[in-house]
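Listed below, chain by chain, are the residues.
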Amino acid sequence: MRKLAALVGHILEATGLPPEQVFAYADQGDLYPLGRDRGPLRPEPGEDAPVLRQVELGTFRYDGVIQIERYPGAGHDFAALITTWLIECDPARDGLADPALDIELNIRGGDCDVQVAIEFEERLEAVEDPAGNIPFDGTRWSLASVTITPATTLTALAAVNTGAGHIPGKGDGR
(Lines give C-alpha, C1' and ligand atoms only; values in the text may rest on other atoms or scores of the structure.)
Protein backbone atom coordinates (compact mmCIF):
# COMPACT_ATOMS: atom_id res chain seq x y z
CA MET A 1 0.00 0.00 0.00
CA ARG A 2 2.92 2.29 -0.81
CA LYS A 3 0.85 4.35 -3.23
CA LEU A 4 -1.93 4.95 -0.73
CA ALA A 5 0.59 5.99 1.95
CA ALA A 6 2.34 8.31 -0.51
CA LEU A 7 -0.95 9.94 -1.51
CA VAL A 8 -1.93 10.50 2.13
CA GLY A 9 1.49 12.07 2.78
CA HIS A 10 0.97 14.35 -0.22
CA ILE A 11 -2.46 15.41 1.01
CA LEU A 12 -1.11 16.20 4.50
CA GLU A 13 1.80 18.19 3.11
CA ALA A 14 -0.23 20.12 0.52
CA THR A 15 -3.16 20.99 2.80
CA GLY A 16 -1.43 21.37 6.16
CA LEU A 17 -4.16 19.27 7.79
CA PRO A 18 -3.31 17.60 11.08
CA PRO A 19 -2.87 13.81 10.69
CA GLU A 20 -5.73 13.07 13.10
CA GLN A 21 -8.22 14.45 10.54
CA VAL A 22 -7.14 11.99 7.83
CA PHE A 23 -7.98 8.26 7.83
CA ALA A 24 -6.92 5.79 5.13
CA TYR A 25 -7.31 2.07 4.51
CA ALA A 26 -7.24 -0.55 1.76
CA ASP A 27 -10.57 -2.11 0.79
CA GLN A 28 -11.60 -4.82 -1.72
CA GLY A 29 -8.02 -6.11 -2.03
CA ASP A 30 -7.14 -8.88 -4.48
CA LEU A 31 -3.74 -10.58 -4.52
CA TYR A 32 -2.48 -12.24 -7.70
CA PRO A 33 0.56 -14.48 -6.98
CA LEU A 34 3.21 -14.74 -9.71
CA GLY A 35 6.68 -15.84 -8.57
CA ARG A 36 8.23 -14.40 -11.75
CA ASP A 37 12.05 -14.29 -12.00
CA ARG A 38 13.12 -10.70 -12.76
CA GLY A 39 16.79 -11.41 -13.43
CA PRO A 40 19.92 -10.74 -11.43
CA LEU A 41 20.69 -7.59 -9.47
CA ARG A 42 24.31 -6.90 -10.28
CA PRO A 43 26.57 -4.65 -8.21
CA GLU A 44 27.81 -1.39 -9.68
CA PRO A 45 31.09 -1.69 -11.64
CA GLY A 46 34.01 -1.76 -9.21
CA GLU A 47 31.75 -2.62 -6.26
CA ASP A 48 32.56 -5.85 -4.42
CA ALA A 49 29.11 -7.30 -3.77
CA PRO A 50 27.30 -10.52 -4.68
CA VAL A 51 24.87 -10.86 -7.57
CA LEU A 52 21.39 -11.16 -6.03
CA ARG A 53 18.24 -12.75 -7.40
CA GLN A 54 15.06 -10.69 -7.87
CA VAL A 55 11.45 -11.86 -8.12
CA GLU A 56 8.03 -10.38 -8.69
CA LEU A 57 6.00 -12.17 -6.03
CA GLY A 58 2.63 -10.92 -7.22
CA THR A 59 0.33 -7.99 -7.80
CA PHE A 60 -1.94 -6.42 -5.20
CA ARG A 61 -4.99 -4.58 -6.53
CA TYR A 62 -7.10 -2.65 -4.00
CA ASP A 63 -9.30 0.35 -3.41
CA GLY A 64 -7.45 2.97 -1.39
CA VAL A 65 -10.03 4.83 0.71
CA ILE A 66 -9.17 8.19 2.24
CA GLN A 67 -11.53 9.99 4.61
CA ILE A 68 -10.96 13.55 5.77
CA GLU A 69 -12.98 15.24 8.47
CA ARG A 70 -13.54 19.00 8.44
CA TYR A 71 -11.68 19.78 5.21
CA PRO A 72 -11.62 23.58 5.02
CA GLY A 73 -10.99 23.94 1.27
CA ALA A 74 -13.19 23.72 -1.79
CA GLY A 75 -14.13 20.32 -3.19
CA HIS A 76 -12.80 21.22 -6.65
CA ASP A 77 -9.41 22.10 -5.18
CA PHE A 78 -9.26 18.73 -3.43
CA ALA A 79 -10.23 16.88 -6.62
CA ALA A 80 -7.44 18.71 -8.47
CA LEU A 81 -4.97 17.80 -5.70
CA ILE A 82 -5.79 14.09 -6.14
CA THR A 83 -5.78 14.28 -9.95
CA THR A 84 -2.39 15.98 -10.19
CA TRP A 85 -0.83 13.45 -7.80
CA LEU A 86 -2.18 10.55 -9.88
CA ILE A 87 -0.79 12.09 -13.09
CA GLU A 88 2.66 12.66 -11.58
CA CYS A 89 3.04 9.64 -9.30
CA ASP A 90 0.88 6.85 -10.77
CA PRO A 91 0.98 7.32 -14.54
CA ALA A 92 0.58 3.60 -15.43
CA ARG A 93 -3.13 3.32 -14.62
CA ASP A 94 -4.15 1.35 -17.73
CA GLY A 95 -6.98 -1.01 -16.83
CA LEU A 96 -7.69 0.68 -13.48
CA ALA A 97 -10.91 2.48 -12.66
CA ASP A 98 -10.99 6.24 -12.64
CA PRO A 99 -11.02 7.70 -9.13
CA ALA A 100 -14.46 8.04 -7.57
CA LEU A 101 -14.70 11.20 -5.45
CA ASP A 102 -17.50 11.30 -2.91
CA ILE A 103 -17.54 14.74 -1.32
CA GLU A 104 -19.98 15.39 1.49
CA LEU A 105 -20.49 18.98 2.61
CA ASN A 106 -20.81 19.77 6.27
CA ILE A 107 -23.17 22.77 6.43
CA ARG A 108 -22.48 23.63 10.08
CA GLY A 109 -19.12 25.31 9.75
CA GLY A 110 -18.48 25.84 6.07
CA ASP A 111 -16.06 22.91 5.93
CA CYS A 112 -16.70 19.50 4.42
CA ASP A 113 -16.12 15.83 5.05
CA VAL A 114 -14.42 14.10 2.12
CA GLN A 115 -14.22 10.46 1.13
CA VAL A 116 -12.12 9.35 -1.84
CA ALA A 117 -11.88 5.80 -3.21
CA ILE A 118 -9.13 5.14 -5.76
CA GLU A 119 -8.25 1.79 -7.30
CA PHE A 120 -4.52 1.05 -7.07
CA GLU A 121 -2.34 -1.75 -8.37
CA GLU A 122 1.07 -2.43 -6.88
CA ARG A 123 3.68 -5.03 -7.71
CA LEU A 124 5.08 -7.01 -4.80
CA GLU A 125 8.74 -7.26 -5.74
CA ALA A 126 11.56 -8.75 -3.66
CA VAL A 127 15.34 -8.97 -3.71
CA GLU A 128 17.37 -11.79 -2.20
CA ASP A 129 18.53 -10.71 1.27
CA PRO A 130 20.04 -13.01 3.94
CA ALA A 131 18.56 -10.71 6.64
CA GLY A 132 15.16 -10.46 4.91
CA ASN A 133 11.92 -11.41 6.64
CA ILE A 134 10.31 -13.28 3.72
CA PRO A 135 11.20 -16.97 3.28
CA PHE A 136 10.75 -18.09 -0.34
CA ASP A 137 12.39 -20.65 -2.62
CA GLY A 138 14.87 -21.79 0.04
CA THR A 139 16.27 -18.34 0.85
CA ARG A 140 15.33 -15.03 2.54
CA TRP A 141 14.00 -11.98 0.70
CA SER A 142 13.15 -8.32 1.38
CA LEU A 143 10.52 -6.28 -0.41
CA ALA A 144 12.28 -3.82 -2.73
CA SER A 145 11.82 -2.41 -6.20
CA VAL A 146 13.33 -4.63 -8.85
CA THR A 147 16.14 -3.19 -10.96
CA ILE A 148 16.31 -4.55 -14.48
CA THR A 149 19.98 -4.60 -15.50
CA PRO A 150 20.53 -4.28 -19.25
CA ALA A 151 23.06 -6.59 -20.91
CA THR A 152 26.40 -4.89 -21.53
CA THR A 153 28.29 -7.73 -23.24
CA LEU A 154 27.52 -10.56 -25.62
CA THR A 155 29.41 -13.76 -24.84
CA ALA A 156 28.18 -16.05 -27.62
CA LEU A 157 26.12 -15.77 -30.74
CA ALA A 158 24.96 -18.63 -32.92
CA ALA A 159 23.60 -17.79 -36.34
CA VAL A 160 22.66 -19.57 -39.50
CA ASN A 161 23.74 -18.05 -42.79
CA THR A 162 21.14 -18.97 -45.39
CA GLY A 163 22.87 -17.16 -48.21
CA ALA A 164 24.82 -13.95 -48.03
CA GLY A 165 22.35 -11.11 -48.38
CA HIS A 166 19.61 -13.33 -49.80
CA ILE A 167 16.11 -12.59 -48.55
CA PRO A 168 13.72 -15.50 -49.16
CA GLY A 169 10.84 -14.51 -51.40
CA LYS A 170 12.70 -11.58 -52.99
CA GLY A 171 13.61 -12.13 -56.61
CA ASP A 172 13.33 -15.89 -56.54
CA GLY A 173 9.88 -16.13 -58.08
CA ARG A 174 7.95 -16.67 -54.85
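Reading the values: rules and limits
Residues numbered from 1 in each chain as written. Predicted model: local features only at pLDDT ≥ 70, side-chain atom pairs only at ≥ 80, totals over all residues. Heavy atoms only, no water. Helix = DSSP H or I, 4+ residues; strand = E, 2+ residues; numbered from the N terminus. Buried < 20%, exposed > 50% of the residue type's maximum accessible area, 1.4 Å probe, protein only. Contact = heavy atoms within 4.5 Å. Phe/Tyr/Trp six-rings, centres within 6.5 Å; stacked < 30°, edge-to-face > 60°. Expected span 1.5 Å × (residues − 1). Arc of directions from axis to C-beta. Salt bridge = Lys/Arg side-chain N within 4 Å of Asp/Glu carboxyl O. Core = buried A, V, L, I, M, F, W, Y, C linked by side-chain atoms within 4.5 Å.

What follows covers the overall build of the protein. Scanning the protein from N- to C-terminus turns up 2 helices and 6 strands. The linear arrangement of helices and strands in the protein, starting from the amino end, is α-β-β-α-β-β-β-β. Taking all 174 residues of the protein together, 25% fall into the buried category. When contacts within the protein are restricted to residue pairs at least 6 apart in sequence, long-range pairs at least 24 apart make up 66% of them.

Moving on, we come to the packing of aromatic side chains. Any two aromatic rings considered together are summarised by their centre-to-centre distance and by the angle between their planes. Under the defined criterion, the tally for this structure stands at 5 aromatic pairs. Ring geometry for Tyr71 versus Phe78: centroids 5.2 Å apart, planes at 65 degrees, classification edge-to-face. Given a relative accessible area of 7%, Tyr71 falls into the buried group.

Looking now at helix H2 (residues 75-89). In a regular helix each residue adds 1.5 Å, so 15 residues correspond to 21 Å; H2 covers 21 Å between its end C-alpha atoms and thus fits that length. Of the residues making up H2, those classed as buried are Phe78, Ala79, Leu81, Ile82, Trp85 and Leu86. Down the axis of H2, the smallest arc covering the buried residues is 155 degrees, so these residues share one side. Along H2, exposed side chains directed more than 90 degrees from the buried face belong to His76, Asp77, Ile87 and Glu88.

Moving on: the pattern of salt bridges. One pass over the structure, following the stated rule, counts 10 salt bridges. We note a salt bridge from Lys3 to Asp90, for which the minimum N-O separation is 2.8 Å. With Lys3 in helix H1 (residues 2-15) and Asp90 in the loop between H2 and strand S3 (100-105), this pair connects stretches of sequence that are 87 residues apart. With a relative accessible area of 2%, Asp90 lands in the buried category.

Between its terminal C-alpha atoms H1 stretches 20 Å, which fits the 20 Å expected from 14 residues at 1.5 Å a residue. Among the residues of H1, Leu4, Leu7, Val8 and Ile11 are the ones counted as buried. Looking down the long axis of H1, one finds its buried residues gathered within 100 degrees of arc, a one-sided arrangement. The exposed set on the far side of H1, more than 90 degrees from its buried face, consists of Arg2, Ala5 and Glu13. Tucked into the core, H1 has its buried residues touching strand S1 (22-41), strand S2 (52-71), H2 and strand S4 (112-128). Two residues or fewer after H1 comes Gly16, characterised by a positive phi angle close to 75 degrees.

On to the side chain of Thr59, then. Relative to the assigned elements, Thr59 resides in strand S2. Among all residues touching Thr59, those that are not within four sequence positions of it are Asp30, Leu31, Tyr32, Leu34, Glu121, Glu122 and Arg123.

Leu7, Ile11, Ile66, Ile68, Phe78 and Phe120 are the most contacted members of the largest nonpolar core, which totals 20 residues. Listed by contribution, the elements that provide at least two residues to this core are H1, S2, H2 and S4. Not counting residues up to four positions away in its chain, the partners in contact with Ile11 are Gly16, Ile66, Ile68, Phe78, Leu81 and Ile82.

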